[in-house]
Amino acid sequence: MRGTVPVLEARGTPFPSAPFVRFSTLWVQVTGTWCNLQCVHCLNASGPRDPWLKPLCAERVRHAIRESEALGVKDIYFTGGEPFLHREILPLLGVALAAAPTTVLTNGAAISEATVAALASLARGAPYSLEIRVSLDDVDPERNDRVRGRGAWARAVLTIRRLHAHGLLPIVAATEDPGGEGQVGPGLYGRLRDFLVDLGIDKPRVKILPLFPAGRLAGRGGDLLSEEVLDGFDRGQLQCAEARVVADGGVYACPILAGLPGARLSAGDLEESFRPVPLFHPACVTCFETGMTCRNA
Amino acid sequence: MSRPAAAIVNVRHPVAAYRRIAVFGGVYSNALALEATIEDARRREAEAVFCLGDMGGFGPHPDRVFPLLRAGAVLSLQGNYDESLASGREDCGCGYTDPRDNHFARISYAYTFAHTSAENKAWLGSLPRHCRVQLGGSSVLMCHGSPRRVNEFLWESTTPNGLLRRLFRDHAADVILCTHTGIKWHRALPGGQHLVNVGAIGRPENDGSPRVWYALLTADAELEVEFVPVRYDHSTLARQMDAEGLPPEFAETVRTGWWTTCLESLPARERARGRF
């Protein structure tokens, strides 16, 4: 991938753009699209074989964290793929936590008891919060595994239990399914919350995400954003106005679109990527319409 | 009381200078705690009392706080709640993304909007968003959420020093005072700058005690930051909330000191300290 993706030249494109307001959030696509699961709705088509977006080497990640700390980053997120497949994920989380509060997004399927204990130790010793966000799309194992693959539910729930037992408070993240009954908005939220309480988790934390027409659902997109649609809307509220993503091949505007040529803003330098972002993808419509953020809150 | 605060903000040189100030945020319609706080600050010889915004929300009878702010000569800033009420927005602008938080926020905002007079809404609309004062040798910048965004949450566990250095540099301040999260904290950087989140007096800070807190800052040889606990008649407040038909979850927080709502915005570390 490296060297083959052009840096986008926003000027002259037919797309509306979002301004660069400030640098708040660094996303690290640490394993690219390398994942142990192959979810049907995966927004960057991650999977176990031949990831189209390669993992990052540890030194690239450390450099990005140092650079972002000097630029006053507010929070750091690790995503993929599955971040816990990266051989150096624990030391990298330690480096990140020394700089800023850090969140890692995981499917929970590759986290052992020993890893959970190490995470708890990291959290206790860090100056800032460590957040573990575990994906679970349904309280029903069968319905969850139809989306995320056989055995995914059991492994995710085991990880949630282990995290709780070690004093960590995982955030359980679910993706809405507009086609499923009770699988959207408050209904899905309530079912997950009740489920966690029944598990014995006394401080349940749930985040609901919309489906994105990207990755494996790329064909579901409708119209793109236009200047007319965005007229009067404060584009500074879009997360790409405050976030940048370090991934294989450069710095990108959005964690959902990392690796796509249209979202690439620089070849690797963070500060160079601080410029307006073209809203060129159907996923930009989802962000605009739902007001969602990939951040925790 | 809006005029003195506005004057301080609008006149860059000279700014008002003090040796000791009292600062609080998040009144949340808690007139009983407000009255007790102002009395306490005067007793401790604060030369000026500042409120960093969010007069309404959560509590009963929002119009009861405004006469107290005026009588107490409290210099007030505009919070996100105040801005929303003044401009007739449909929501409080607290920045929640969680359905449960938003459910309770909607109830609270609808009640507060309906029970705040037009005159007081207009007053909220007249308040400044920032205020600079001199405290001894320190240049102090006051704001609601952060100097850059009215509804930005600056929690202790999610505010890195790198961000603070940037805020102090970008806003040319030695001391930044903020609120919005409802939980107090203070950090001094090696360079001598101070970030003080003054907490809120409208509801307890999720520590199992019904008391609330404000900040007292004194310029001696060094800047002294003291958080002062305030006890007030919280049982009466809870009864008033019940009588007004506000959610029982709100009154429970006032009675027990544990947060029952607005939990999802809490980072892991702050959430772990609470009961729910």
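Below is a short write-up of the structure.

So, how was this worked out
Residues numbered from 1 in each chain as written. Chains lettered and ligands numbered in written order. Predicted model: local features only at pLDDT ≥ 70, side-chain atom pairs only at ≥ 80, totals over all residues. Heavy atoms only, no water. Helix = DSSP H or I, 4+ residues; strand = E, 2+ residues; numbered from the N terminus. Buried < 20%, exposed > 50% of the residue type's maximum accessible area, 1.4 Å probe, protein only. Areas by Shrake-Rupley, 256 points an atom, 1.4 Å probe, with all protein chains shown as cover. Lys, Arg positive; Asp, Glu negative; His and termini not counted. Charge placed at Lys NZ, Arg CZ, Asp CG, Glu CD. Contact = heavy atoms within 4.5 Å. Phe/Tyr/Trp six-rings, centres within 6.5 Å; stacked < 30°, edge-to-face > 60°. Lys NZ or Arg CZ within 6 Å of the ring centre and 35° of its normal. Buried area = accessible area lost by both parts, 1.4 Å probe. Salt bridge = Lys/Arg side-chain N within 4 Å of Asp/Glu carboxyl O. Polar contact = N/O pair within 3.5 Å; in protein donor to acceptor, adjacent residues only side chain to side chain. Nonpolar A, V, L, I, M, F, W, Y, C, P; charged D, E, K, R; others polar. Pairing = 2+ DSSP bridges.

**Considerations on the overall build of chain B**
- Within chain B one finds 10 helices and 11 strands.
- Expressed along its principal axes, the backbone C-alpha trace of chain B runs to roughly 50 × 40 × 35 Å.
- Scored against the burial criterion, the 276 residues of chain B give a buried share of 62%.
- Of the roughly 10100 Å² of accessible surface on chain B, a fraction of 50% belongs to carbon and sulfur atoms.
- Averaging the locations of the 31 positively and 31 negatively charged side chains of chain B gives two centres separated by 3 Å.

**Observations regarding the overall build of chain A**
- Across its full length, chain A holds eight helices and 11 strands.
- For chain A, the spread of C-alpha atoms along the three principal axes comes to 55 × 45 × 35 Å.
- Buried residues in chain A amount to 58% of all 297 residues.
- In chain A, the share of contacts with a sequence separation of at least 24, taken over all contacts with a separation of at least 6, comes to 73%.
- Carbon and sulfur atoms make up 53% of the accessible area of chain A, which amounts to about 11800 Å² in all.

**What to know about the environment of Gly190(A)**
- Structurally, Gly190(A) can be placed in helix α6 (residues 185-198).
- Placed 16 residues apart in sequence, Gly190(A) and Val206(A) show a C-alpha to C-alpha distance of 9.0 Å.

**Observations regarding the packing of aromatic side chains**
- Going through the model one piece at a time under the given rule, you end up with 13 aromatic pairs over all chains.
- Pairing Phe66(B) with Trp123(B) gives two aromatic rings, centres 5.7 Å apart and planes at 80 degrees, and the pair type is edge-to-face. In this pair, Phe66(B) is assigned in helix α3 (residues 65-71) and Trp123(B) in helix α6 (residues 118-125), connecting sequence segments 57 residues apart.
- Within the aromatic cluster, the residues linked to one another by ring pairs are Phe20(A), Phe23(A) and Phe274(A).
- The side chain of Arg70(B) reaches across the aromatic face of Trp123(B), ending 5.3 Å from its centre.
- Looking at Arg203(B), its charged tip hangs above the ring of Phe58(B), at a distance of 5.7 Å from the centre.

**Description of the interface of chain B and chain A**
- Taken residue by residue, the interface counts 31 residues in chain B and 30 residues in chain A.
- With both sides pooled, the region where chain B packs onto chain A buries about 2300 Å², and carbon together with sulfur makes up 45% of that total.
- Here Glu152(B) makes a salt bridge to Lys74(A), at a shortest N to O gap of 3.0 Å.
- Applying the counting rule to chain B against chain A returns 18 residue pairs in polar contact (both at pLDDT 80 or more).
- Sorting the residues of the side of chain B that touches chain A by element identifies α5 (99-115), α7 (161-170) and α10 (268-273) of chain B as the ones contributing at least two each.
- Broken down by class, the residue content of the side of chain B that touches chain A amounts to 10 nonpolar, eight polar and 13 charged.

**What about the sheet that holds strand β9 (residues 194-197) of chain B?**
Residue and element names in this part refer to chain B.
- The sheet built from six strands is open, its strands ordered β1-β5-β6-β7-β9-β8 with mixed pairing. In the strand order of this sheet, the two ends are held by β1 (17-18) and β8 (185-188), each with one partner.
- One ladder, built from five bridges, connects strand β5 (residues 131-135) with strand β6 (residues 138-142); its direction is antiparallel. Residue pairing across strands places Arg-132 opposite Leu-141, the latter belonging to β6.

**Overview of the pattern of salt bridges**
- The full count for this structure, using the stated rule, is 25 salt bridges over all chains.
- Notably, a salt bridge pairs Arg162(A) with Glu113(A), separated by 3.2 Å at the nearest N-O pair. Note that Arg162(A) is positioned in helix α5 (residues 152-165) and Glu113(A) in helix α3 (residues 113-125), a separation of 49 residues in sequence.
- Measuring nitrogen to oxygen at the nearest pair gives 2.6 Å for the salt bridge that ties Glu83(B) to Arg129(B). Taken together, the positions of Glu83(B) in helix α4 (residues 80-87) and Arg129(B) in the loop between α6 and β5 put the pair 46 residues apart, joining distant regions of the chain.

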